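Analysis of the macromolecular model
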Amino acid sequence: MEALALRPVGHTDRSGSLNNLANQLSTRFSHRGNDGDLDEGIALDREALALRPVGHTDRSSSLHNLANQLSTHFYHRRDREDLDESRENLRCALTLLTQHDPRQLNVHLSLTDVHLSFHHSRLDGTSPGEDPDSLTVSMHHLKAAANVVSAGLRPLLRASLRWIHRASQYSHCTELEAYATSMQFLDAFMSATASVSSRHSAMKEFPRTLAVDAASCALRSGDVYRAVELLEQGRTLIWTQMARLRTPLDSLENHGDHAVALMKKFRDLSSLLDKPPASNPEGTTKVSVEAEAARYRRLVEEWNGAVEEIRKIEGFSRFLLPPLFSDLQDAARDGPIIVLVASKLTCDAIVIPHSQPPTSIQLSTTLEKLQTLVVKLQCAGEPALKKVLMELWDDVVRPVVDNLGRFAQRGSRIWWCPTSVFNSLPLHAAGEYSRAHGQFLSWLYISSYTPSLMALIKARKSPDRSLPVPFAAIGQNLPDGYSHPLKAVEGELDLVQSLIPPLPTVSFTKITSVDAMKSRALRVLQDNTWLHFACHGIQNYEEPFKSAFLMRDHPLSLLDITQMDLSRHEFAFLSACETAVGDLSTPDEVIHLAAGLQFAGVQSVVGTLWEVNDGTVGRLVKAFYRNLCGDCKMNSKRAARALHRAVQSLASDNDIPLEQRIVFIHIGI
């Protein structure tokens, strides 16, 4: 009131003070519900609008403010005239904004709310010139809001999420389009976010089930192909962004000097973007932080420009675009892939064979039941564990197995690509444990996992190889901060050495606990294409990129691994706890040590789902390497079968509990 008194009638800024006071009264009304505040706020907004005639730069904002107040007034008083005037003011406000004005987004969102009010109140088409279908008009405005490019990525993403919410709420035909739009914006938003850790934090701002809900929507509409494409586009975004910045472009050299120059520009910009951004020490000014963010955004814009230019070259039209199903199906070259989708509405399995159409199977379970299984799994003794695995068999795995006969012979390989809560369940171990003559998945097929279809396709690209194969075994029995040593580590390193073929087939390097410092482990990791880790592993659930192998001095973290090029690497055995346990807050990013090694380039990885004891490791390692390279041949494609046979050889050993027999999983080719 005092500010308004200082700007009497005739003052050039009086309309601004009237607007501010009206906003304060609106806020007070929302807290106290005093009708007088709302009425006074509307009167002040009308006075402010009168002081901003046609041609005034802020007339659009005044029309928008008054429209919102009138819309609130209709909600409480149900006076049709309020809604009519609100809609007319918003339409006028929109016409006053230029094509590139970011304020269009909020006007479209307000028009959405007004038209939904018409729809709820059954006022559609009840007056001359009235919109006959206010629901469809509201969806039009939501789509328009999501197309106001000048508003920026974050507001666009939030607008598209509102579009999803409303289209889903009313089962509107634009729901799938809304999902596809949201995932495009999320992808672009992640690309413009500087560091790995900030990308992970950004993921938490948005629905963690966006991709699986989009796929579920596509499946409900009968489009299995689109469901697979949306899952691949919307999951593992952090890994996808890293891969984009490391894309090989050698074949561009055959397209002339312009293509070579583009290749260099793309690589230079990718290298700049792939470097961790400078940290901001305490005391750094806000201006400096914003300047660094602006510099990064400029680099992203230049990088996007280079990508668009590359797409104009023959044969590169889909360069770095989300893959089509026809490309993704190649992931099933060596056996069918089962994609598991757990959304709030339905749970489905998609079986993808190599040369036949995909099959979708609606599962009888629900997201809530699966979440309950995960909880039971975390505190299960053996009887309870068997119950979980039987329920997993009945509700998820058996319906899949019933459909696999057309695509995979008994004893052949299959790949699981779980999403959402399925990432936390041991699918490979499902079976009828308490039934006489019961079936078990492990008796029927050899299971592997893949975090995504593109990860598997990338892993199948065979690196150049020459003998001897460089193999390193790294052990650490007493890392920094631990007082009790892992007793079996040194013996495990000796065991691995005794089971690996000698020169000239393998060049073996052993890094014992006394030498296993972080810097040494990094060098060995870079220089050897076959790896065996025997040490403590930790999964950091709050900051998953700080998950690590614990070395003598400092942890060898997942973040360290992501910054390495392991594209020549063939195999890694992770004899450490919790190396294949994901982050529950962003399960579809699949952020754990085993996946990190595969995304960094390792073709085939053996990891663990939970804690593993020394007795299990010794017996399994011995059986595994005997099956893998007992004939003195080194082939990472044998790893899944070798693990399968090693686990089966332990099945009759009553000294090893069930939870230890199923702890190891295979990821990759």
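Preceding block: the structure.
Residues numbered from 1 in each chain as written. Predicted model: local features only at pLDDT ≥ 70, side-chain atom pairs only at ≥ 80, totals over all residues. Heavy atoms only, no water.

1. So, the overall build of the protein
- When helices and strands are tallied, the protein shows 27 helices and 14 strands.
- Here the C-alpha coordinates of the protein stretch approximately 95 × 60 × 55 Å along the principal axes.
- In the protein, which comprises 669 residues, the share counted as buried stands at 54%.
- Summarising the internal contacts of the protein: among those between residues at least 6 apart in sequence, 72% fall at separations of at least 24.
- For the protein, the exposed surface amounts to about 29900 Å²; the carbon and sulfur share of it is 51%.
- Averaging the positions of the 70 positive and the 76 negative side-chain charges in the protein gives two centres separated by 4 Å. (Helix = DSSP H or I, 4+ residues; strand = E, 2+ residues; numbered from the N terminus. Buried < 20%, exposed > 50% of the residue type's maximum accessible area, 1.4 Å probe, protein only. Contact = heavy atoms within 4.5 Å. Areas by Shrake-Rupley, 256 points an atom, 1.4 Å probe, with all protein chains shown as cover. Lys, Arg positive; Asp, Glu negative; His and termini not counted. Charge placed at Lys NZ, Arg CZ, Asp CG, Glu CD.)

2. A closer look at the nonpolar core
- Ranked by internal contacts, the top residues of the largest apolar core, which has 167 residues, are Ile337, Trp416, Phe549, Leu597, Phe624 and Tyr625.
- Contacts of Ile337, omitting those with residues within four sequence positions, involve Ala331, Ala332, Ile350, Val351, Ile352, Trp415, Cys417, Leu453 and Leu456. (Core = buried A, V, L, I, M, F, W, Y, C linked by side-chain atoms within 4.5 Å.)

3. Focus on empty space enclosed by the protein
- With the rule as written, the count across this model stands at three cavities of 30 Å³ or more.
- One number sums up the size of the largest cavity: a volume of about 130 Å³.
- Forming the walls of the largest cavity are Met183, Leu186, Met203, Phe206, Pro207, Arg208, Leu210, Ala211, Gly234, Thr586, Asp588 and Glu589.
- Mapped by element, the contributors of at least two residues to the lining of the largest cavity are α9 (175-191) and α11 (210-220).
- Looking at the lining of the largest cavity residue by residue, the classes come out as seven nonpolar, two polar and three charged.
- Roughly 50 Å³ of volume is contained in the second largest cavity.
- As for the second largest cavity, its lining consists of Ser168, Glu175, Tyr179, Asp213, Ser216, Arg220, Ser343, Lys344 and Leu345. (1 Å grid on protein atoms, 1.4 Å probe; cavity = no way out; pocket = protein on both sides within 12 Å on 5 of 7 lines; lining within 4 Å. Points joined across faces, edges and corners; volume = space filled by probe spheres on them. Nonpolar A, V, L, I, M, F, W, Y, C, P; charged D, E, K, R; others polar.)

4. Regarding the packing of helix α2 (residues 14-32) against helix α3 (residues 35-50)
- α3 packs onto α2 with a crossing angle of 160° between their chain directions and a minimal axis gap of 8 Å. On the basis of the axis angle, α2 is roughly antiparallel to α3. Relative to α3, the crossing made by α2 is left-handed. Residues Arg14, Ser15, Leu18, Asn19, Leu21, Ala22, Leu25, Arg28 and Phe29 of α2 form the contact with α3, whose own contacting residues are Asp35, Asp37, Leu38, Glu40, Gly41, Leu44, Asp45, Glu47 and Ala48.
- Grouping the amino acids of the contact of α2 with α3 by side-chain chemistry returns eight nonpolar, three polar and seven charged. (Axes fitted to C-alpha atoms, helices over the stretch in contact; angles between N-to-C directions. Parallel < 35°, antiparallel > 145°, perpendicular 65-115°, else oblique. Left-handed = near helix turned anticlockwise from the far one by under 90°.)

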